[in-house]
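These are the residues of each chain, in order.
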Amino acid sequence: MGLDRRAFLGLVAGGAVGTMFTPIPWKLIDDAAIWTQNWSWIPKVPKGQIDYVATTSKLCPASEGLKIMRVAGNPVSAAGNPDHPLSRGGVSALARSEVYMLYSPARIKSPMKRNGKTFAPITWEQALIEMSEKLGAAKGSVASISGDATGTVNEVLTALVGKLGSAGAFMMPGEATSAAKALKLMGAQGQAGYDFENADTVLVLGADIFETWGTSTRNRKAFGATRPAGAKPASNYIYVGPTRNNTAAVCDQWIPAAAAELGVVAMGIAWHLLKAGATSNAPGFDTFKAVVNGGFGPEDVKRATGIGGDVLAGIAKSLMASKAALVVTGSPFGQGMGAAPVIAGMSLNMLLGRINKPGGVYMLPELASVVPGALSRAAMLDGDLPAFLKGVASDKTPAPKALLVYDANPAYGLPEAATMAKALEKIPFKVSFSSFMDETAALCDLVLPNSLPLERYDDVATPYGSGFCVYSLVRPIQKPIYDTKTSADVLLALARKLSIDLKFDNFQQVLKEKVASLSKASGGFVAKDVMPWQVAAGKPAPALVGGDLWKALEAGYAWTMVGQVAQTGMGFAAEVVAKAAKAGKPAAGATLAPYAQLRTGTPATGIPCQDLTTVPDTELLGENTLVRLNSETAKTLGLKKGQMVKLSAAGVDCQAKVHIFESVMTGMVSAPLGFGHTAFDYFSQGKGANYLSLMAVAEEPGSGMSMWIASEVKIA
Amino acid sequence: MSGQKKEFPITWGMVIDIDKCTGCGACMASCQTENNVEPQRDASNKLRSTSWMTVYELTNGKSYPDHDIAYLPRPCQQCGNPPCVSVCPVIATEKNENGGIVSQVYPRCIGCRYCVAACPYHVRYFGWFDPVWPEGMEKTLSPLTSVRPRGVVEKCSFCHHRWTLAKDAARAAGKDPEDLADGAYVTSCVQNCPSGALAFGDLKNPKHKVHELIKSPYAYRLLERLGTDTQVYYISRREWVRKLGDNYLKSE
Ligand code: SF4
Ligand code: SF4
């Protein structure tokens with residue numbers, strides 16, 4: 001709900017109008033008749049013993065620790081766990097919905113098999129037989145897609161697919177994919193972790209760090225801690241990106257820049273740092289310097305981005321002047337970034353000497369894997385799913401004979417939806433392990449419902465963005481409500497049926513072994529009185545007190561470790577940036593600048609039941625989603641407020657209603673993601689359009705990875 | 001605007017730091033589940049949907065690039081001088097309990113909606129439909145708040161049931177229930193906000209953080225000049241946000 005000064009006056013005026021038009025006398029009689037009857041048709045609230053149990057959110061990518069209130073053993077609501085380092089009592093609208101989602105009308109209630117255009121229920125035993133036959137026949141050509149970026153389930157999945165003869169084991173693309181590729185090209189080891197708690201100046205290039213990027217709840221807690229209400233802030237946050245999004249709304253400064261130019265902006269800032277004498281021993285520094293000086297001087301950057309040299313000089317100055325500067329790069333909508341902007345942003349951290357330093361970027365080690373033959377997370381992140389599926393769609397890559405989709409919804413959540421759907425059609429046997437009837441499940445041959453996080457054992461290992469290694473447990477606090485199973489258990493049962501040895505019989509054993517391996521890692525501790533960022537800042541790490549780590553994890557505490565992988569060859573990879581970071585030509589129509597929010601869920605959850613109410617009518621009005629552009633852009637394109645328009649790109653059309661909103665860069669059309677579902681339930685279905693489908697995938701020069709950071713759209 | 005103002009020794013209040021709110025809606029979702037507001041399939045119709053806590057988007061009204069935005073979470077302002085109370089013909093809403101929370105007695109409400117019309121902050125919601133939960137979801141209802149039928153007016157209660165729980169806990173621990181420690185009673189929205197934008201406590205108790213916060217030169221209340229004397233304070237270092245909150249005219 002937009003509320004400007006006029007509308008605010010309306011709040012008061014509305015009161016008066018309401019009084020005049022209220023049809024009190026008539027309605028009164030009618031209503032009085034209703035209340036005096038008893039309210040038997042209203043649900044009764046449950047009675048019983050109230051207790052609280054801890055677990056971790058798995059539906060929300062911010063991986064908050066949760067405290068679940070139960071009544072007579074039934075979970076009733078979820079709150080943030082104050083003892084968990086990724087929550088500290090906060091919770092996102094998505095994590096809060098974990099309980100309601102148990103009863104989402106979109107839940108798949110039993111295993112199902114395709115029967116023509118519809119599905120028919122089958123038993124788990126039949127499903128296993130069917131799968132083992134089909135997968136046995138497909139040996140040598142089985143692919144998998146996982147949408148779970150943090151779970152040990154990936155070890156089970158990739159080990160199984162590996163032993164069946166993998167045609168590719170992919171992760172749904174996200175921020176972690178771009179960052180992993182960037183670090184690989186820079187010759188670095190580990191996963192980038194951002195120490196917001198100890199940083200004092202934070203330059204955010206694109207990443208929506210307080211909404212969808214990384215450990216957003218923890219990021220906001222860290223931000224809030226340096227912002228005493230109404231007093232002078234103890235931190236300085238600068239946001240660079242195409243819109244004043246949820247993150248920029250609370251930052252100290254917003255610098256408008258197109259998502260595709262973020263790499264150029266970073267290199268432009270590097271120019272000022274170099275001029276002020278910044279230097280580095282890291283490999284490739286000389287090339288980096290030459291590249292920066294050769295093409296990213298103030299004039300070049302101004303031409304490409306419209307940002308004046310004085311602005312970038314100012315940023316460089318505050319970064320250099322601060323004790324603990326941090327540069328974070330990411331896509332404003334959580335995917336499609338490419339590697340070069342991340343490399344450029346990371347180069348700033350290197351120039352500022354911020355690698356493996358408190359308040360800087362820690363290179364975090366990956367936790368040891370326990371399932372033999374499993375792919376490491378780094379190896380999974382190296383796969384390029386959009387490129388693979390595009391190849392399949394165009395017959396350049398042979399279609400795999402079978403595909404296992406775990407907790408992922410590629411038919412909805414990838415760019416170029418039409419191409420992706422075409423690729424999926426070419427795969428003869430597809431299985432979806434999903435909890436909800438999503439767009440991908442609807443295309444599959446077998447749908448094998450995964451129990452929801454509150455019904456299963458699962459885990460969360462170091463979500464992308466976390467500044468420290470962290471491991472927490474997800475545990476069942478309620479029996480499965482429907483005929484669902486933990487997918488990892490189903491995969492292990494399948495392996496047995498196929499006579500494949502994965503070492504474990506059930507997933508709980510896998511998790512126990514994982515936890516056992518953690519207790520051997522040196523430097524790890526349970527975050528209770530001492531938090532990992534305090535250890536990063538110099539406090540001694542407590543010992544991992546003997547006793548039962550598993551028990552501590554079940555009680556909702558997290559195992560943490562301030563990790564740093566010593567870097568031997570981390571260099572600048574300036575050649576990659578030189579090829580990729582070039583000014584794009586201005587779009588003839590407008591450039592799409594999508595944004596995502598946790599309240600509209602993820603592609604795997606749809607819009608959580610309880611969250612639709614939180615979506616303002618400037619985003620969804622009736623059945624239409626609104627796109628935002630500033631008045632200048634609207635004028636150029638001849639568009640008016642409230643007008644219905646058609647956005648076209650990548651051979652796809654999407655409806656939209658025009659919302660004039662001045663916190664969008666000129667030439668950009670900002671569009672909400674998370675809408676336009678054709679599957680799921682009435683909370684998600686048929687509400688607005690999926691603007692991600694308008695985005696075209698291109699190959700990023702220099703890195704060769706798929707990117708879709710911006711697309712030109714026609715508006716009519 | 002209404003009758004005499006009552007003073008209460010305990011005055012529960014909320015302080016909302018607008019400079020920290022990112023507009024995520026977690027407070028809204030928290031309130032809904034805490035207080036048994038049903039998930040609404042047609043929630044995009046804001047004239048008929050219910051949301052005791054609503055996050056408004058404020059703008060400074062300027063064009064790009066001078067445009068600025070802020071988010072304003074709006075619970076019931078719990079007026080010291082509530083316009084809604086004096087217009088209620090059946091005394092379904094009152095301000096007479098210690099704590100200064102404006103009550104709403106559902107079984108007594110006749111749905112006339114005078115209070116809806118009288119509230120300058122639009123915090124009152126009329127239930128147009130009987131609440132219906134998707135099958136099975138009624139198991140997730142909170143036992144601590146009643147479910148309201150269609151036809152009555154409902155609103156934020158500062159999660160009043162939590163105060164009762166906090167007092168019980170204090171009694172059980174042998175402490176004075178009338179002198180709760182800071183944080184012993186916090187509302188659901190305050191507890192769950194990931195940004196720490198919301199604070200809650202006894203405005204009159206010097207041991208509570210909010211007592212200090214409301215003295216900040218950046219603190220203000222909505223439509224202060226109406227004399228409603230609300231118990232919800234906002235804080236912003238941005239002058240335009242503060243001015244907007246008190247409904248300044250352009251000429252001022
Ligand atoms: S939860 Fe906090 S940050 Fe989110 S909208 Fe509410 S007050 Fe703002
Ligand atoms: S105080 Fe309680 S009832 Fe009021 S808005 Fe917050 S959560 Fe809702």
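A quick note: this is a predicted structure, and the numbers were derived from the prediction, not measured.

Participant: Which parts of the structure should I look at to understand the overall build of chain B?
Facilitator: Looking only at helices and strands, one finds seven helices and ten strands in chain B. For chain B, the C-alpha radius of gyration of 18 Å lies close to 18 Å, the compact-globule estimate for 252 residues. On the principal axes, the C-alpha backbone points of chain B span a range of 50 × 45 × 40 Å. When contacts within chain B are restricted to residue pairs at least 6 apart in sequence, those whose partners lie at least 24 apart make up 66%. As displayed, chain B offers around 9300 Å² of accessible surface, 54% of which is attributable to carbon and sulfur atoms.

Participant: Which parts of the structure should I look at to understand the sheet that holds strand E4 (residues 74-80) of chain A?
Facilitator: Working definition: the strands of a sheet are paired by backbone hydrogen bonds and lie parallel or antiparallel to each other. All names here are of chain A. What the three strands build is an open sheet, ordered E2-E3-E4; its pairing is antiparallel. Only two strands of the sheet have a single partner each, and these edge strands are strand E2 (50-56) and E4. When strand polarity is set aside, the average angle formed by the axes of neighbouring strands in this sheet is 30°. Pairing of strand E3 (residues 65-71) with E4, which is carried by six bridges, proceeds in the antiparallel orientation. Within the sheet, the bridge partner assigned to Arg70 lies in E4 and is Pro75.

Participant: Would you explain the side chain of B:Ser49 in this entry?
Facilitator: Residues and elements named next belong to chain B. By the element assignment, Ser49 lies in the loop between helix H1 (26-34) and strand E2 (54-59). Among the residues examined, Ser49 registers a relative accessible area of 8% and is labelled buried. Among residues more than four places away in sequence, those in contact with Ser49 are Gln40, Ala43 and Tyr125.

Participant: Would you mind going over the pattern of salt bridges with me for this structure?
Facilitator: When the charged atoms of two side chains lie near each other, side chains of opposite charge can form a pair. Residue and element names in this part refer to chain A. The final tally for this structure, using the stated rule, is 35 salt bridges over all chains. A salt bridge links Asp51 to Arg70; the shortest N-O distance between them is 2.9 Å. Here the residue Asp51 occupies a position in strand E2, and Arg70 occupies one in strand E3, the gap between them amounting to 19 residues. The exposure class assigned to Arg70 is buried, which follows from its relative accessible area of 16%. Taking the shortest distance from any N to any O, the salt bridge between Arg107 and Glu455 comes out at 2.9 Å.

Participant: Whenever I open this one, the site of ligand 1 confuses me. Can you help?
Facilitator: Taken together, 14 residues lie around ligand 1, and A:Arg220, B:Cys21, B:Cys24, B:Cys27 and B:Cys193 are the ones closest in. Looking at the residues close to ligand 1, they fall on chains A and B. Class assignment for the residues of the shell around ligand 1 results in nine nonpolar, four polar and one charged.

Participant: Please explain the confidence of the model for chain A as it appears in this structure.
Facilitator: One rule of thumb: low pLDDT means the predicted coordinates there are not for detailed reading. Confidence in the prediction for chain A averages 92 pLDDT; 94% of positions are at 70 or higher. Here residues 1-37 of chain A scores under 50 on pLDDT; set against residues more than four positions off or in separate chains, the count is 57 contacts.

Participant: How do you make sense of the packing of aromatic side chains when you look at a structure like this?
Facilitator: Two measures describe an aromatic ring pair: the distance that separates the ring centres and the angle between the ring planes. Counted by the stated rule, this structure contains 23 aromatic pairs over all chains. Their ring planes at 5° and their centres at 6.1 Å tell us that B:Trp163 and B:Tyr185 sit as a pair that is stacked. Of this pair, B:Trp163 sits in helix H4 (residues 160-172) while B:Tyr185 sits in the loop between H4 and helix H5 (188-192), and the two are 22 residues apart along the sequence. Linked through ring pairs, B:Trp12, B:Phe158, B:Trp163, B:Tyr185 and B:Phe200 together constitute an aromatic cluster. The ring of A:Trp550 is capped by A:Lys512, whose NZ or CZ atom sits 4.7 Å from the centre of that ring. The ring of A:Tyr557 has A:Lys528 sitting right over it, with the charged end atom 4.6 Å from the ring centre.

Participant: Is there a simple way to explain the state of the cysteines in this structure?
Facilitator: By definition, a disulfide links the sulfur atoms of two cysteine residues through a covalent bond. Under the defined criterion, the tally for this structure stands at zero disulfides over all chains. A disulfide-free cysteine, A:Cys609 has its sulfur positioned 16 Å from the sulfur of A:Cys60, the nearest such atom.

Participant: Where do I start with the packing of helix H9 (residues 262-275) of chain A against helix H11 (residues 298-305) of chain A in this structure?
Facilitator: The relative placement of two packed helices comes down to the angle between their axes together with the axis-to-axis distance. Residues and elements named next belong to chain A. Where H9 meets H11, the axes come as close as 10 Å, and the angle between the chain directions of the two elements is 160°. By the angle class used here, H9 and H11 are roughly antiparallel. Every pair of crossing elements has a handedness; the one defined by H9 and H11 is left-handed. Counting all contacts with H9, which are made through Val264, Val265, Gly268, Trp271 and His272, the residues of H11 involved are Pro298, Val301, Ala304 and Thr305. Its residues assigned to classes, the contact of H9 with H11 comprises six nonpolar, three polar and no charged.

Participant: Where do I start with the nonpolar core in this structure?
Facilitator: One broad rule of soluble globular proteins: the nonpolar side chains tend to lie buried together. All names here are of chain A. With 193 residues, the main nonpolar core has Tyr194, Phe196, Leu203, Ile269, Phe288, Met346 and Tyr691 as its most contacted residues. Considering each element in turn, this core owes the most residues, ten residues, to H9. With residues near it in sequence (within four places) discarded, Phe288 still touches Met267, Ala270, Leu274, Ser347, Leu351, Phe572 and Ala574. One finds Trp124, Leu367, Ala495 and Leu549 within the second-largest nonpolar core, a separate group that totals 58 residues.

Participant: Where do I start with the side chain of A:Arg377 in this structure?
Facilitator: Residues and elements named next belong to chain A. Within the fold, Arg377 resides in helix H14 (residues 377-382). The buried charged residue Arg377 lacks any salt bridge partner; its closest oppositely charged side chain belongs to Glu366, at an N-O distance of 5.3 Å. With residues near it in sequence (within four places) discarded, Arg377 still touches Ala149, Thr150, Met171, Gln191, Glu366, Ala461 and Thr462.

Calculation criteria
- Residues numbered from 1 in each chain as written.
- Chains lettered and ligands numbered in written order.
- Predicted model: local features only at pLDDT ≥ 70, side-chain atom pairs only at ≥ 80, totals over all residues.
- Heavy atoms only, no water.
- Helix = DSSP H or I, 4+ residues; strand = E, 2+ residues; numbered from the N terminus.
- Rg over C-alpha atoms; globule rule 2.2 N^0.38 Å.
- Contact = heavy atoms within 4.5 Å.
- Areas by Shrake-Rupley, 256 points an atom, 1.4 Å probe, with all protein chains shown as cover.
- Pairing = 2+ DSSP bridges.
- Axes fitted to C-alpha atoms, helices over the stretch in contact; angles between N-to-C directions.
- Buried < 20%, exposed > 50% of the residue type's maximum accessible area, 1.4 Å probe, protein only.
- Salt bridge = Lys/Arg side-chain N within 4 Å of Asp/Glu carboxyl O.
- Near = heavy atom within 4 Å.
- Nonpolar A, V, L, I, M, F, W, Y, C, P; charged D, E, K, R; others polar.
- pLDDT = per-residue confidence, 0-100.
- Phe/Tyr/Trp six-rings, centres within 6.5 Å; stacked < 30°, edge-to-face > 60°.
- Lys NZ or Arg CZ within 6 Å of the ring centre and 35° of its normal.
- Disulfide = S-S within 2.5 Å.
- Parallel < 35°, antiparallel > 145°, perpendicular 65-115°, else oblique.
- Left-handed = near helix turned anticlockwise from the far one by under 90°.
- Core = buried A, V, L, I, M, F, W, Y, C linked by side-chain atoms within 4.5 Å.
- Lys, Arg positive; Asp, Glu negative; His and termini not counted.

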